[in-house]
Amino acid sequence: MVVHIVMFKFKDENKESNIKETKLKLEALVDKINELKSIEVGVNFTDSDRAFDLSLYSTFDSKEDLKAYAIHPAHLEVVEFIKSVTSESKVVDYIN
């Protein structure tokens, strides 16, 4: 199983509504992309300078499935929105 984790810091403008919208958009991908086996999206509650605002934990059967997800039109549409409302992101991919 391949695990794909992404963390996002959001811009201050409309931060709360953009976090909620991003969460909904990401969670909807599981019904649109067959290669995406599971997705969990969490909103941070910790008040720390080190904290990110939202995290994504998703799973795939293979590296090839992760690659297919990365270029899927539904995913790219969400990525475009996320890039417009975030200031920073970090990613890690690994085999579990």
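Here, the structure is the one placed above.
Note that the structure is predicted; figures quoted are calculated from it, not measured. (Residues numbered from 1 in each chain as written. Predicted model: local features only at pLDDT ≥ 70, side-chain atom pairs only at ≥ 80, totals over all residues. Heavy atoms only, no water.)

**With respect to the layout of surface pockets**
One way to see where empty space is left: roll a probe the size of a water molecule over the atoms. This is how it is decided: Using protein atoms alone on a 1 Å grid, points that fit a 1.4 Å probe yet trap it form a cavity, whereas open point sets bounded by protein on both sides within 12 Å along at least five of seven lines form a pocket; residues with an atom within 4 Å of a point count as lining. Grid points are joined across faces, edges and corners, and a volume is the space filled by probe spheres set on the points. Only DSSP runs of H or I reaching four residues or more are called helices, and only runs of E reaching two or more are called strands; each is numbered from the N terminus. In this classification, the charged set is Asp, Glu, Lys and Arg, the nonpolar set is Ala, Val, Leu, Ile, Met, Phe, Trp, Tyr, Cys and Pro, and all remaining amino acids, among them Gly, are polar.
If you add up the space inside the largest pocket, you get close to 320 Å³. Put simply, the parts of the chain that give the lining of the largest pocket at least two residues each are β1 (2-10), α2 (63-71), α3 (73-85) and β4 (86-95). Sort the elements by how many residues they give to the lining of the largest pocket and β4 lands first, with five residues. Counted by class, the lining of the largest pocket contains nine nonpolar, five polar and four charged residues.

**Section: the sheet that holds strand β3 (residues 54-60)**
Quick note on the threshold: Note on pairing: DSSP must find at least two bridges between two strands before they are called paired. Where helices are involved, their axes are fitted lines through C-alpha atoms of the stretch in contact, as for all axes, and angles between N-to-C directions lie from 0 to 180°. Here, residues are in contact when the closest pair of their heavy atoms is within 4.5 Å.
The strand order across the open sheet built from four strands is β2-β3-β1-β4, with neighbouring strands paired in antiparallel fashion. With one partner strand each, in any of the chains shown, β2 (38-43) and β4 form the two edges of the open sheet. Each strand of the sheet is rotated relative to its neighbour by a mean of 15 degrees, with strand direction disregarded. Here helix α1 (residues 15-28) sits on the sheet in contact with β1, β2 and β3, set at roughly 170 degrees to β2. With respect to the sheet, α3 is in contact with β1 and β4, its orientation differing from that of β4 by roughly 135 degrees.

**Looking at α1**
Note the cut-off: Here, expected helix span is obtained from the residue count minus one, scaled by 1.5 Å. Type-normalised accessible area, obtained with a 1.4 Å probe on protein chains alone, sets the label of each residue: buried when under 20%, exposed when over 50%, and partly exposed for intermediate values. Read the arc as the range of directions from the helix axis to the C-beta atoms.
Compared with an ideal rise of 1.5 Å per residue, which puts 14 residues at 20 Å, α1 spans 20 Å between its outermost C-alpha atoms and is within 8% of the ideal. Restricting attention to buried positions, one finds in α1 the residues N18, I19, T22 and L26. For α1, the arc enclosing every buried residue in end-on projection is 100 degrees, short of the 170-degree limit, so these residues lie on one face. Facing away from the buried side of α1, by more than 90 degrees, are the exposed residues E16, K20 and L24. On its buried face, α1 is in contact with β1, β2, β3 and α3.

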